[in-house]
Amino acid sequence: ISTVAVTGSASGIGAATATRLRDAGHRVIGVDLRSADVPADLAATEGRTAAVEGVLDRCDGVLDGLVACAGLGPHVDDVARIAQVNYFGTVAVIDGLFPALRKGTAAAAVVVSSVASTHLKWEENPLTEAIETGDESLIAEAVAAGGDYRGQFAYAAGKNALTVAVRRRAAEWGAAGVRLNTVAPGSVDTPLLAATAEDPRYGEAIRGFTAPIPRHGRPDEIAALACYLLGPDAGFVHGAQFVVDGGIDALLRPTVF
Ligand code: NAD
């Protein structure tokens, strides 16, 4: 039995991942705002510390896997919070748990990014100053150029930065024997997507767009990939981003990969 921490374990992709891992006999330590082994708010420093310490307590400092799913969608009004959870909170958790993963057996981590991570280039990412200085009070102003769509701007920028953060850790984590990859879902049927689809700014785009596989993904289809990436069959897979989007990326950007 291995011990795996899952953030965002109370809903959607995180809940499906926790279920799949438990069904396979693993021990899961769930982290979420509520209904979790470790209740914690990843938007703020204290909550991030509580999340890391709560997991370390329960795993005695030795962790075999981590799946970071917690996140907010582009519809959330507090745009700073979108980047605080999706980027800053997620990076704090993966870095905070890295020492425990180093002590794990064939340890691996999977970070849930998004196809939105490809919607802008790192060179154009408005969050770089906030990231370099660690000053999260800069986020709201940095994404204000998005106007009515600043939530989407904060979402895409946060996910872009998250995928970059994972790829930049490939050397150190690989040398430490801990694999680290991202999955980039397209539209997946979860409460997050339902809330975004109800938002007047984003609803039409979500309802009107059909992927080559003409449906939304199911949370368990993302969980299945996350579990493959955690497991021994993925032993040489590291620093990579896996798109799970029914073919949208291939449709929109056939020459970019
Ligand atoms: P969801 O809303 O069903 O689950 C997200 C979970 O994160 C919730 O349980 C929520 O409580 C938790 N969370 C939110 N803010 C938190 C905070 N401050 N601290 C701790 N936990 C917090 O959504 P989902 O669709 O399952 O999303 C999971 C991940 O997948 C997110 O990172 C999201 O960006 C990503 N994603 C989703 C889609 C999609 O279409 N559903 C597409 C691409 C990427």
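Computed from a prediction, not measured in an experiment: that's the story for all the values here. (Residues numbered from 1 in each chain as written. Predicted model: local features only at pLDDT ≥ 70, side-chain atom pairs only at ≥ 80, totals over all residues. Heavy atoms only, no water.)

Student: Where do I start with the overall build of the protein chain in this structure?
Tutor: Along the backbone of the protein chain there are eleven helices and seven strands. Its C-alpha atoms give the protein chain a radius of gyration of 17 Å, within 12% of the compact-globule value 18 Å for 257 residues. Principal axes of the C-alpha set define a box for the protein chain whose edges measure 45 × 40 × 35 Å. Taken across its 257 residues, the protein chain has 52% of its residues classed as buried. Looking at the protein chain alone, contacts between residues at least 24 apart form 75% of all its contacts between residues at least 6 apart. Of the accessible surface of the protein chain, which amounts to about 11,800 Å², a share of 54% is contributed by carbon and sulfur atoms. Between the mean site of the 21 positive side-chain charges and the mean site of the 30 negative ones, the protein chain shows a separation of 4 Å. (Helix = DSSP H or I, 4+ residues; strand = E, 2+ residues; numbered from the N terminus. Rg over C-alpha atoms; globule rule 2.2 N^0.38 Å. Buried < 20%, exposed > 50% of the residue type's maximum accessible area, 1.4 Å probe, protein only. Contact = heavy atoms within 4.5 Å. Areas by Shrake-Rupley, 256 points an atom, 1.4 Å probe, with all protein chains shown as cover. Lys, Arg positive; Asp, Glu negative; His and termini not counted. Charge placed at Lys NZ, Arg CZ, Asp CG, Glu CD.)

Student: Sorry if this is basic, but what is going on with the pairing of strand β2 (residues 27-32) here?
Tutor: Consecutive side chains along a regular strand alternate between the two faces of the sheet. In terms of burial, β2 is a largely internal element, five of the six residues being buried. Here strand β1 (residues 3-7) pairs with β2 via five bridges, running parallel. Within β2, the position partnered with V4 by the bridge is V28. For β2 and strand β3 (residues 38-39), the ladder comprises two bridges, and the chain directions are parallel. Bridging across to β3, V31 finds its partner in V38. (Pairing = 2+ DSSP bridges.)

Student: Is there a simple way to think about the site of the ligand in this case?
Tutor: The full set close to the ligand counts 30 residues, and S11, I13, D32, Y155 and T190 are the nearest of them. Note that a nitrogen atom of the ligand is positioned 3.4 Å from one of the backbone N or O atoms of A40. Contact between the ligand and C69: an oxygen atom at 2.9 Å from a main-chain N or O atom of the residue. Relative to its unbound accessible surface of 820 Å², the ligand loses 93% to contact with the protein. Residue assignment for the shell around the ligand shows that the elements contributing at least two residues are α1 (12-23), α3 (79-102), α6 (150-168) and α8 (191-197). Considering each element in turn, the shell around the ligand owes the most residues, three residues, to α8. (Near = heavy atom within 4 Å. Polar contact = N/O pair within 3.5 Å; in protein donor to acceptor, adjacent residues only side chain to side chain.)

Student: Sorry, what's going on with the packing of aromatic side chains here?
Tutor: For any pair of aromatic rings, geometry is given as the distance between the ring centres together with the angle between the planes. What the rule picks out here adds up to three aromatic pairs. When the centroid spacing of 5.7 Å and the interplanar angle of 70° are considered together, the rings of Y149 and Y202 count as edge-to-face. Of the two residues, Y149 sits in the loop between α5 (139-142) and α6 while Y202 sits in the loop between α8 and α9 (203-208), which places them 53 residues apart along the sequence. Its relative accessible area of 6% is what places Y202 among the buried residues. (Phe/Tyr/Trp six-rings, centres within 6.5 Å; stacked < 30°, edge-to-face > 60°.)

Just distances and angles here, no functional claims.
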